[in-house]
Amino acid sequence: MQIDKYGITAMLARRTGEDLDAEKIGSTALFVWSDLDEALLPIIGRSGVAVLYKRSLQITLGAYPCLIYAYDEAERAGKAHAGLDIALSQQTSEHALEALSALLIAFHELLTYLIGSSLSERLIQSVWDKPTNGDAERKSE
Amino acid sequence: MNTAKAIINRLATGVPGLDDVFGGGLPELSFNLIAGPPGSGKTTLAHQLMFALATADRPALYFTVLGEPPLKMLRYQQQFNFFDSEKLNQSIYFINLGEETATGDLKKVLARMVEEVESRGPSMVFVDSFRSVILASETDGNIFLTLQQFIQQLGTLMTSWQATMFLLGEYFSENDPSPVFTVADGLIWLRQSVQSNSMVRKMEVMKMRGQSSLPGLHTFRITNDGISVYSPPPVSARDVEMRHGPSFTIPTDTRMPMGVVGLDEMMGGGLPRGYSLLVAGPSGSGKSILACAFLAEGARLGETGVIAAFEQRSNLSRGIEIATLIADDRIGVVDTLSPSLSVDEISMLLISEIRRLKASRVVIDSLSGFELALAPTFRDDFRESLSRLVSALTGIGVTVLMTSELEDRYNELRFSPYGTAFLTDAIIVQRYIEVDSRLQRVMAVVKIRASAHSSALHLFRIDDEGIKIGEMLAGYEGLLGGRPTRRQPLDRALLDTSDG
C-alpha cells in the first residue's frame, strides 16, 4: 500500500460519502479526473495528461490488476479515463477505493518526479483539497 | 503644432545587461521575436523575462505550441533560480495550444489565444515556439487565414489589449522573408559561435523600434541564475551613471602612492589618480609583487581595490597581507576561471565589483593570462577590447595597474607584446641584466603622461618584505642590452648579492 502524503484518501472519503458503494466510487473517479483535467489540460495539453494517466495506470496495475479493463478501454476507445468507472464498479467498495487511491497517488508521484513537488502541489493540490464533487457532479446530472 | 508624443514605458527586464543592450529597457507593448537555433537560450530568456516582469496586476500568458513538451519545459526551467512556483496560476499562466495548432487552422489558434487573452487580461504574452505555428499553417494550406493575416491580427490584438508580445522561433534565417520580421518591433537573435573547442553565446538586437539599441554581437552566459548579457562597458562616468545609477566620488587631483619606497619619487610623486599603468617585464621580475604592493598601499590609506587575476594561483600566494585584505572584503577578486571569457564579461564583472566596494585601485594581472583566458573568437580583437576596457575603467575614475609579460629581448626595446603601450598613461618596465655573473633586476619609469618623472634605471631586489629599490645604476652603459659595461666602479651595496 502506497503512503498517501497528499490527502487523497481523505478527499475520496469526502467525495464518496459514508455509504461506500463501488459504483459511486467509479463515478467519483471520473469527477476527480475531470478536476485533474481542468487543472492540467491548459498547461500540458490533452495528450500530456493522457500519457500521464496511462503511465499511472501501468504503475498501479501490478498491485491492482482489476484496472486492466480501464487500461485496455482507454486504448481501444482512444479516450482517457474510458472504462475506469466500470473497472472500479466491478470491485468490492473497499478494493475499488484502494485501487483508485493508489492510482491517484501514482499520478501525483509521477507528476512530482517530472516537475518537482512544489510545482505539482501548486497545480493539483486544489483537487485533493476539494470538499465535494461539486460542479462536475452537478453538470453530469 | 501638438508636440505631445505617446510615452513609451521601458520595462526593466531583470536580465543583467539586457536593458543596456536594448537601449534602456524593453519598450512596453512591443511585439518581439526571439530567434535562434535550438539550445541557444530562447526559452530560458523568455522565462527569465516573464518571471521578472509578471505580477498579479500584470500577469503573463505563456502559450506552448508543438515544440518542447510543456512538462519537460517546466521540468528544466524550474532548475533556474528565477523560477518561482508561487507565481504559477497567480501571475503566470501556461496555456497549451497543441490541439488547436495540430488542426493547422490558424483561425482556431487565434480564436483560442483571443479567448485566453480576453479572459486573463495579460500584460505579457509569449508564444513558444512560433515556428510550430508557421509549420502547422503550411501543412494544411490555410484557406481561411494566411500566416501574414494571422500575425497582423495577433499584433493588433496584443497592442489593443496593452500586452507586450514575444514570439519564440528557431531556424529563422535573416534572409527569410517571413512576415514576422515586418510586424516585429524587436528582433532579438541568439547565436552560438563555435571556434576550436570553445562555444560562445552571442546576442544581437537587430531591431528595436523607438529606441537606440547597442549594435553588434554581445556575449551572454547561462548559469543557474539564468542569462547574463555582457554589453560593451560604458566609456564615461556619464554613461556609467546612465546605466548603473549615481556613481561614487573618487578624487582626481591627487597622486597615489605605489607602496614601494623610492618608486613614488621615480614617478614624480606617485601615480596620478585615474591613470592606467602598465608594468611590463619578464617572468619573475616582480610585476605581481608591485601590483600587490599597490593594492596593499591603498588599503593602508583606507582605499579599497579590485583584482582580476588571470594567473592560476591561490589568494595566499599573493602574500598574507593581500589574502587578509581579500578575506576582509577590502580587496575584491573578480572570477576569471569561467571558460571562454570575453573582455566585455570581465569589464562588467570588474565594474560591478568596483561599484560594490567603491574601489579606487584596480589590478589586472596579467594581460598575457587575460588573453589566454579569452575564448579564441575574441583573441583577434583583444587590443580593441582592451582599449575599451581601459577607457571604461579610467572613465569612472579608478586607477588601473596592468601587468604584462615581456620576453627579455636584448636587441630591441619593447614594453608590451600586445602593442598596448599606447593604451596606458604610464609605463614601468622591469628587466634582467647580468652583472658579475649574477642576474640583477632593474626598473625604470618609461612614461607618465603629462608629468615629469625620473628617467633613471634603478636596481631593485625582492625580499620577504617586497620590492626594495636601490639607487640609479650609474657608471654602466648598455644596460638594456642585458650585458652592461662598466664605466667606473659600481657601488656593490646596491647589487643583489644573495644566492637565493
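Report on the accompanying structure. (Residues numbered from 1 in each chain as written. Chains lettered and ligands numbered in written order. Predicted model: local features only at pLDDT ≥ 70, side-chain atom pairs only at ≥ 80, totals over all residues. Heavy atoms only, no water.)

**Quick look at the side chain of B:Ser85**
Mapped onto the elements, B:Ser85 comes out in the loop between α3 (70–77) and β5 (92–96). With residues up to four places along the chain from it excluded, the contact list for B:Ser85 reads A:Ser118, A:Leu119 and A:Arg122. (Helix = DSSP H or I, 4+ residues; strand = E, 2+ residues; numbered from the N terminus. Contact = heavy atoms within 4.5 Å.)

**Quick look at the nonpolar core**
The biggest cluster of nonpolar side chains holds 82 residues, and the ones touching the most others in it are A:Leu104, A:Trp128, B:Leu45 and B:Phe126. Setting aside residues no more than four positions away along its own chain, B:Phe126 makes contact with B:Ala46, B:Leu49, B:Met50, B:Ala60, B:Leu61, B:Tyr62, B:Phe63, B:Phe166 and B:Leu168. (Core = buried A, V, L, I, M, F, W, Y, C linked by side-chain atoms within 4.5 Å. Buried < 20%, exposed > 50% of the residue type's maximum accessible area, 1.4 Å probe, protein only.)

**Some details on the interface of chain B and chain A**
Taken together, the 16 residues of chain B in the interface contact 16 residues of chain A. Summed over both sides, the interface of chain B with chain A buries roughly 1500 Å², with 56% coming from carbon and sulfur. Taken as a group, B:Leu71, B:Arg75 and B:Ser85 account for 34% of the area that chain B buries against chain A, more than any other trio of residues on that side. Run the count over chain B and chain A and you get two salt bridges. Notably, a salt bridge pairs B:Glu99 with A:Arg46, separated by 3.2 Å at the nearest N-O pair. (Buried area = accessible area lost by both parts, 1.4 Å probe. Salt bridge = Lys/Arg side-chain N within 4 Å of Asp/Glu carboxyl O.)

**A look at the sheet that holds strand β16 (residues 331–333) of chain B**
All names here are of chain B. Reading across the sheet, the nine strands line up as β16-β15-β17-β18-β14-β19-β20-β21-β22 and stay open at both edges, with mixed pairing between neighbours. Each having just a single partner strand, β16 and β22 (466–472) make up the two edges of the open sheet. On average, each strand axis in the sheet is inclined to that of its neighbour by 25°, with strand direction left out of account. Pairing geometry for strand β19 (residues 426–435) and strand β20 (residues 438–448), over 10 bridges, is antiparallel. (Pairing = 2+ DSSP bridges. Axes fitted to C-alpha atoms, helices over the stretch in contact; angles between N-to-C directions.)

**Topic: the environment of B:Glu100**
Residue and element names in this part refer to chain B. Position of Glu-100 among the secondary structure elements: in helix α4 (residues 98–102). Looking at Glu-100, the relative accessible area reads 16%, which means it is buried. Distance from Glu-100 to Met-113, taken between C-alpha atoms, is 9.8 Å for residues 13 residues apart in sequence. The residues contacting Glu-100, other than those within four sequence positions of it, are Asp-105, Lys-108, Val-109 and Arg-112.

**Describing the pairing of strand β7 (residues 164–169) of chain B**
Residue and element names in this part refer to chain B. Judged by how many residues are buried, β7 sits mostly within the fold: six of six residues are covered. Two elements, strand β6 (residues 124–128) and β7, share five bridges in a ladder whose sense is parallel. Note that in β7 the partner of Phe-126 across the bridge is Phe-166.

**Focus on the layout of surface pockets**
Residues and elements named next belong to chain B. By volume, the largest pocket is sized at about 630 Å³. Around the largest pocket sit 32 residues that line it, and Gly-286, Ser-288, Ile-289, Cys-292 and Arg-318 are the ones nearest its centre. Secondary-structure elements contributing two or more residues to the lining of the largest pocket are α11 (287–300), α12 (320–327), β18 (399–405), β21 (458–463) and β22. Examining the composition of the lining of the largest pocket, we find that seven residues originate from one element, α11, more than from any other. (1 Å grid on protein atoms, 1.4 Å probe; cavity = no way out; pocket = protein on both sides within 12 Å on 5 of 7 lines; lining within 4 Å. Points joined across faces, edges and corners; volume = space filled by probe spheres on them.)

**Section: unusual backbone geometry**
All names here are of chain B. With an omega of 0°, the peptide bond running from Asp-365 to Ser-366 counts as cis. As for its placement among the helices and strands, Ser-366 is situated in the loop between β17 (361–365) and α14 (367–373). We note that Asn-89 has phi near 65°; this positive angle belongs to a residue other than glycine. Along the polypeptide, Asn-89 turns up in the loop between α3 and β5. Asn-89 sits in the partly exposed class, given a relative accessible area of 30%. The backbone phi angle of Asp-329 is positive, close to 60°, even though this residue is not glycine.

**What to know about helix α7 (residues 147–160) of chain B**
Residues and elements named next belong to chain B. When the terminal C-alpha atoms of α7 are compared, their 20 Å separation across 14 residues agrees well with the 20 Å that a helix rising 1.5 Å per residue should span. Those residues of α7 that fall on the buried side of the exposure criterion are Leu-147, Phe-150, Ile-151, Leu-154, Gly-155, Leu-157 and Met-158. Projection of α7 onto a plane perpendicular to its axis shows the buried side chains occupying an angular sector of 165°, all on one side. Residue Gln-162 follows α7 closely and has a positive phi angle near 60°. (Expected span 1.5 Å × (residues − 1). Arc of directions from axis to C-beta.)

Such coordinate-based values are descriptive only and should not be taken to indicate function.
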